[in-house]
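# Structural overview for review
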Amino acid sequence: MSFLVFLEHHEGDFVKNSLGVLAKAADLGEADAVVIGSGVHELAAKGGDFGARKVWVADDAGLEAPLPQPRVDVLERLVRDHGYDTVLFGQSVLAADVAAGLAARLDAGLNWDLTDLLEQDGTLVGKRPALQDSVLVDVGWKSEPRVALFRSGAFDPTQAGGEAEVEDVEVELQDFSTKATMVEQAHAESEGPSIEDDDVIVAGGRGLGGPEHFKLVEELAQALGGAVAATRAVVDAGWYPYAAQVGQTGKTVSPKLYVAVGISGAIQHKVGMQSSGTVVAINKDGNAPIFEFADLGVVGDLHEILPKLTELVKQRRS
Amino acid sequence: MKIAVCVKHVPEQQAKRIDPATKRLDRSGEGGLNPFDSNAIEEALRVKEATGDGEVVLVSLGPEKALDSMRKGLAMGADRAVLVSDDAAAGSDLVATSLVLAKALEREQADLVLFGQQASDSDGAVLWAAVADRLRLPLVSQAAELTVADGKARVKRQTEFGYDVIEATLPAVVAVSDAINEPRYPSLKGIMGAKKKPQERVGADELGIESAQLGEAGSRTEVIALNDPPARGDTTRIEDDGSASEKIVEFLAERRMV
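Residues numbered from 1 in each chain as written. Chains lettered and ligands numbered in written order. Predicted model: local features only at pLDDT ≥ 70, side-chain atom pairs only at ≥ 80, totals over all residues. Heavy atoms only, no water.

### A short note on the interface of chain A and chain B
Chain A puts 89 residues into the contact, and the matching count from chain B is 80 residues. Together chain A and chain B conceal approximately 7,300 Å² of surface at their shared face, both sides included; 55% is due to carbon and sulfur atoms. Across the contact surface, chain A and chain B share four salt bridges. A salt bridge links Glu 182 of chain B to Arg 206 of chain A, with the shortest nitrogen-to-oxygen separation between them at 3.6 Å. Counting across the interface, chain A meets chain B through 41 residue pairs in polar contact (both at pLDDT 80 or more). Sorting elements by how many residues they give to the side of chain A that touches chain B places helix H4 (residues 93-106) of chain A first, with eight residues. Relative to strand E15 (residues 236-239) of chain B, strand E18 (residues 296-299) of chain A is paired through four bridges, and the arrangement is parallel. Bridging from a neighbouring strand, Val 299 of chain A pairs with Glu 239 of chain B of E15 of chain B. (Contact = heavy atoms within 4.5 Å. Buried area = accessible area lost by both parts, 1.4 Å probe. Salt bridge = Lys/Arg side-chain N within 4 Å of Asp/Glu carboxyl O. Polar contact = N/O pair within 3.5 Å; in protein donor to acceptor, adjacent residues only side chain to side chain. Helix = DSSP H or I, 4+ residues; strand = E, 2+ residues; numbered from the N terminus. Pairing = 2+ DSSP bridges.)

### Focus: the sheet that holds strand E11 (residues 146-150) of chain A
All names here are of chain A. As summarised here, the arrangement of the seven strands in space is E7-E11-E6-E1-E4-E5-E12, forming an open sheet in which the pairing is parallel. Both outer strands of the open sheet, strand E7 (109-114) and strand E12 (165-168), are each paired with one neighbouring strand and no more. Sheet twist, expressed as the mean angle between neighbouring strand axes with direction ignored, is 25°. As paired strands, strand E1 (residues 2-6) and strand E4 (residues 30-37) are joined by five bridges and run parallel to one another. (Axes fitted to C-alpha atoms, helices over the stretch in contact; angles between N-to-C directions.)

### Overview of the pattern of salt bridges
For the coordinates displayed, the defined rule picks out 38 salt bridges over all chains. Shared partners join several salt bridges into a network, and the residues in it are Asp 73, Glu 76, Arg 80 and Arg 105 of chain A together with Asp 133 of chain B.

### Some points on the sheet that holds strand E17 (residues 278-283) of chain A
The strand order across the open sheet built from six strands is E15(A)-E14(A)-E16(A)-E17(A)-E18(A)-E15(B), with neighbouring strands paired in parallel fashion. In this open sheet, the two edge strands, each paired with only one partner strand, are strand E15 (227-230) of chain A together with E15 of chain B. Averaged over all pairs of adjacent strands, the angle between strand axes in this sheet comes to 15°, irrespective of strand direction. For strand E14 (residues 200-204) of chain A and strand E16 (residues 257-261) of chain A, the ladder comprises five bridges, and the chain directions are parallel. Within E16 of chain A, the position partnered with Val 202 of chain A by the bridge is Val 259 of chain A. Set on the sheet, helix H8 (residues 302-317) of chain A makes contact with E16, E17 and E18 of chain A; between it and E17 of chain A the angle comes to about 130°.

### Concerning the nonpolar core
Formed by 65 residues in total, the largest nonpolar core has its most connected members in Phe 6, Leu 75, Phe 89 and Leu 110 of chain A together with Phe 115 of chain B. With 10 residues, the single largest contributor to this core is H4 of chain A. Contacts of Phe 89 of chain A, omitting those with residues within four sequence positions, involve Phe 6, Val 21, Leu 75, Ala 95, Val 98, Ala 99, Leu 102, Val 147, Ala 148, Leu 149 and Phe 150 of chain A. In this structure, Leu 146, Val 155, Ala 172 and Val 174 of chain B belong to the second largest nonpolar core, which totals 39 residues. (Core = buried A, V, L, I, M, F, W, Y, C linked by side-chain atoms within 4.5 Å. Buried < 20%, exposed > 50% of the residue type's maximum accessible area, 1.4 Å probe, protein only.)

### Points about the packing of aromatic side chains
Summed over all chains, the structure comprises six aromatic pairs over all chains. Summarising the aromatic geometry, the rings of Phe 14 of chain A and Phe 50 of chain A are spaced 6.4 Å apart at their centres and angled 85° between planes, so their arrangement reads as edge-to-face. Of this pair, Phe 14 of chain A sits in strand E3 (residues 13-14) while Phe 50 of chain A sits in the loop between helix H2 (41-45) and strand E5 (54-59), and the two are 36 residues apart along the sequence. When its relative accessible area of 15% is taken as the criterion, Phe 50 of chain A is described as buried. Here the guanidinium or amino end of Lys 156 of chain B rests over the ring plane of Tyr 163 of chain B, the centre of that ring lying 4.5 Å away. Against the face of Phe 291 of chain A rests Arg 237 of chain B, its NZ or CZ located 4.6 Å from the ring centre. (Phe/Tyr/Trp six-rings, centres within 6.5 Å; stacked < 30°, edge-to-face > 60°. Lys NZ or Arg CZ within 6 Å of the ring centre and 35° of its normal.)

Shape is all these values report; function is a separate question.
In structure tokens, the structure reads:
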């Protein structure tokens, strides 16, 4: 197997997810990596530390914005010129678009949402939980190259302390790849609470009914000594700040206790909290997918339940 | 302004199962429009309304009964539906599906191609990027806001790091999030009128696609085996009868969490 791993980066650091995928690839065989951006040479050299044998660098002003299509151009060329048989990505908004674009470009198979990859009888098999994780599917590829996209947090990075050979890639972009341009790029938000390290999180979703009801969530969080989180739907609606968002495009958290209030449990949210210890869900819709992965599911009106719950917790703790 | 919206007919949420024989999702039962696609249809209608004129065409690959789902989109206000239906297409993966959709979209020559956030059955959220690559069109995904003016699509999108603003020249492919709008309910008049709107069925051969490029033959991925997922601890479900708060506290107390 010859692996090529897409090493994603943001503001001068590698994205942890993609480092985890690199560690997995290095475990399975010889793993090369590619770093694409502008002014990324120094960063690229650090790839060896995380298990890359060789790091390709595509460094060009036209690659500064984290847009997918120019990255497909770079990867296509690398795979064609150097014969990689497997290209691996860690889930992100950017990586998903690059992986699928590359699959179409190379007429290659893409398996997504994988939680593991193993070698079996000389070929690769991916593990993919499906249908709300009610079934674990073994997926394969019928041809090479193979493209795989892994679920967030599937693997932990390992700092092996190695050194990688670094080599430049010539950049040649397709016309259509430059027709989408970044007008304003997001920066990591430093304001707002950091919820990643909290042991207890109380999260609110659209079921709260309006921004004014976040007070109920805040009061319960305070009583439990925990932090407040929110779903994408309520963040996009402006009810709560982005810094508190848990999910695919927000924070990934794994507290000991996660209380989901008025949250349906869409996959976008679930991937950000599925490794929590104990999950308690309160929702008035008994069919909400959140109940399929809650340790305690409560079907009822959160406006009735939350104030009483907060009061009882306070009494117990005082 | 011509807007194409790619939509999918998906099995009912409760009835989803994988057929052990074919290792494919069982699509024989009741189904409906992928709920995430109604956000894309709504956004197309809003763009059409904002620009004053234009056409919204729904494009899908699926079985005959996918027309029922497409009629819901027509009832919302879309103008016409094109369904690529071919027995050989069952079991198509990303490579095969994106090829069919790209061919159908090439025929339409739309100014804007919209997708919903994901398919509720396969949890796939990547198809747009493959289709955009095949059409050689610019792509923006995860759109939380979309404005179309001066030959450009301006998109506010959400990523892991906050909000980006991206502009793409038209024609372009945009995938919208489910937070972008609140889809309208079809009116009675809309529902009555939907039946009369043009609904075209196209075979893959009419798009110049050979059957070897479709279904399992045209796919590059395969399902090897179905296994039980790793066991999760017991889950407890209660209906609130007025004592839910006490029960939650008991539950937490047993685990020494309060």
